[in-house]
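A structural walkthrough
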Amino acid sequence: MKVFKIAIVGAGPAGYFAAQALQNLQNDEVKFSIDMFERLPTPWGLVRSGVAPDHPKIKTVSKVFEKIANAEGFRLIGNVEIGKDIPLSALQNHYDAVAIAVGTPKGRRLGIPGEELKNVISSADFVYWYNGHPDYQDLEIDLTGRRAIVIGAGNVAMDVGRMLALDPIELDSTDTSEIALNRFHGSSIREVSIVARRGAEHAAFTAPELRELPDLDSIDVKIQEVDISKALSRVGSEPEKHVKSNLEAMRLIAETPTKGIERELEFLFEHKPISINGSGKVESVTFETPHGEVTKECDLLITAIGYLPVQIAGLEVDGNRYRNNEGEISSGLYAVGWAKRGPSGVIGTNKSDAADVMKLLVSKLENPKASHDILLDLKESGVTIVDQAGWTRVNEAEVQNGEAKGKPRLKFLEIEQMLEIASTK
Ligand code: NAP
């Protein structure tokens, strides 16, 4: 029997689905010893740090991740950053193959004047902040104003818009970071505008996310009927299926009578941002529209216009992903998930995608390399490793701490705290 050592870098959905695909490809002749590296002491990637806290159902996929992690031949090597604690080249020398599953964690920039003003914040930072990512808890954000603008027409813009507009009482029973939750309770934001640069037919929202909006009790959601009728006439009688469902969901929102309550979430279309204005802090945004330039006042601006990968020595950034061909970066080096295809698709998209890449990876394996256990090198270099048992202790402690407050979990917000709990025997 041949046992191949495979490293997966990044413990998010794409990483777990890659591990699952490898586990499914095992047989009497071939087995895989899978090491999953993660720079944080906590795994699950965007399921922990990206999915909106008011969408707990989406997070239940973490049960699948834990099943994969507890299968034979799998090791979590947490709190180890590739490119910092150990170079990618060391993994390539040591393992039979390496799969990069680090996602695209940096927010894209608009590249228009005024982006450096205070309270102009990327969704990448804002989402990590409210989800308790330890590196983002010091985010400087001022929620004392009344109006927020969110630029972008994707599901992240919608998550962000909802989180800002919701009555924070609705977040009390979620795993929102305690720091963010306290700030939401003190927030004066009451009017949130999600602003798309193109017409409603081009919006990247998905219909299920749109359909839930009219049911939110604490928010009046507003879409102008004219924006939808114009979009419908532009798409003609046979629009693509997802465009049809989206426009239908948006039409329903436009037709739903408003409740006349204080908290508003409005959608604006055909507003292309051209400048962000203010002295020191954002005060307004100027948009180009079919009716000329429009300037809209705001106290907070969140840009939710996509994500980019980070630089890692040994990987070439190619637009919004790492350069790869159908997942293959170079011999023995692969990319899966957003690292492979850029920031698109829902969590489930990564399953079939990772399975295809792992098939390719496995098809190119010949004979296992002879190599020692990389943990010996890591331990020698003084890195504190969080393994599956350590993470399980953190996970259980968070869940237990949350129970007392009626939450699914109360997240630790500091790496030191996590490491302490992880190492408690
Ligand atoms: P996205 O779906 O690609 O949307 C990005 C949006 O930004 C688009 O509307 C795009 O408009 C706009 N944009 C880009 N550059 C812009 C600019 N310079 N000025 C103004 N607008 C600009 O990205 P995302 O929202 O970050 O989501 C990433 C992926 O995660 C998506 O596949 C999404 O569905 C998924 N996700 C899913 C969920 C869920 O299932 N609940 C939640 C969050 C995220 P144009 O089309 O005009 O370029």
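So, a few notes on the structure that sits alongside this text. (Residues numbered from 1 in each chain as written. Predicted model: local features only at pLDDT ≥ 70, side-chain atom pairs only at ≥ 80, totals over all residues. Heavy atoms only, no water.)

To continue, consider the packing of aromatic side chains. Each pair of aromatic rings is reported with the distance of its centres and the angle of its planes. Taken as a whole, this structure holds 14 aromatic pairs when the rule is applied. Their ring planes at 90° and their centres at 6.1 Å tell us that Phe37 and Tyr95 sit as a pair that is edge-to-face. With a gap of 58 residues between them, Phe37 in strand E2 (residues 30-38) and Tyr95 in the loop between helix H4 (88-94) and strand E4 (97-100) connect regions that are remote in the sequence. Phe37 sits in the buried class, given a relative accessible area of 1%. You can call Tyr95 buried: its relative accessible area is 1%. For the pair Trp44 and Trp391, a centre-to-centre distance of 5.1 Å together with 85° between the ring planes defines the contact as edge-to-face. Here the residue Trp44 occupies a position in the loop between E2 and helix H2 (46-49), and Trp391 occupies one in helix H14 (residues 388-403), the gap between them amounting to 347 residues. Classification of Trp44 as buried rests on a relative accessible area of 7%. By relative accessible area, which is 0% here, Trp391 ends up buried. (Phe/Tyr/Trp six-rings, centres within 6.5 Å; stacked < 30°, edge-to-face > 60°. Helix = DSSP H or I, 4+ residues; strand = E, 2+ residues; numbered from the N terminus. Buried < 20%, exposed > 50% of the residue type's maximum accessible area, 1.4 Å probe, protein only.)

The next subject is the site of the ligand. Not every one of the 23 residues close to the ligand is listed here, only the nearest: Asn155, Arg197, Arg198, Glu209 and Gly345. Contact between the ligand and Val156: an oxygen atom at 3.1 Å from a main-chain N or O atom of the residue. One of the side-chain nitrogen or oxygen atoms of Arg197 is found 2.7 Å away from an oxygen atom of the ligand. For the ligand, the protein covers 81% of the area, taking 910 Å² as the surface of the free molecule. Among the elements that make up the shell around the ligand, the one with the highest residue count is helix H6 (residues 155-165) (3 residues). Its residues assigned to classes, the shell around the ligand shows 13 nonpolar, 5 polar and 5 charged. (Near = heavy atom within 4 Å. Polar contact = N/O pair within 3.5 Å; in protein donor to acceptor, adjacent residues only side chain to side chain. Areas by Shrake-Rupley, 256 points an atom, 1.4 Å probe, with all protein chains shown as cover. Nonpolar A, V, L, I, M, F, W, Y, C, P; charged D, E, K, R; others polar.)

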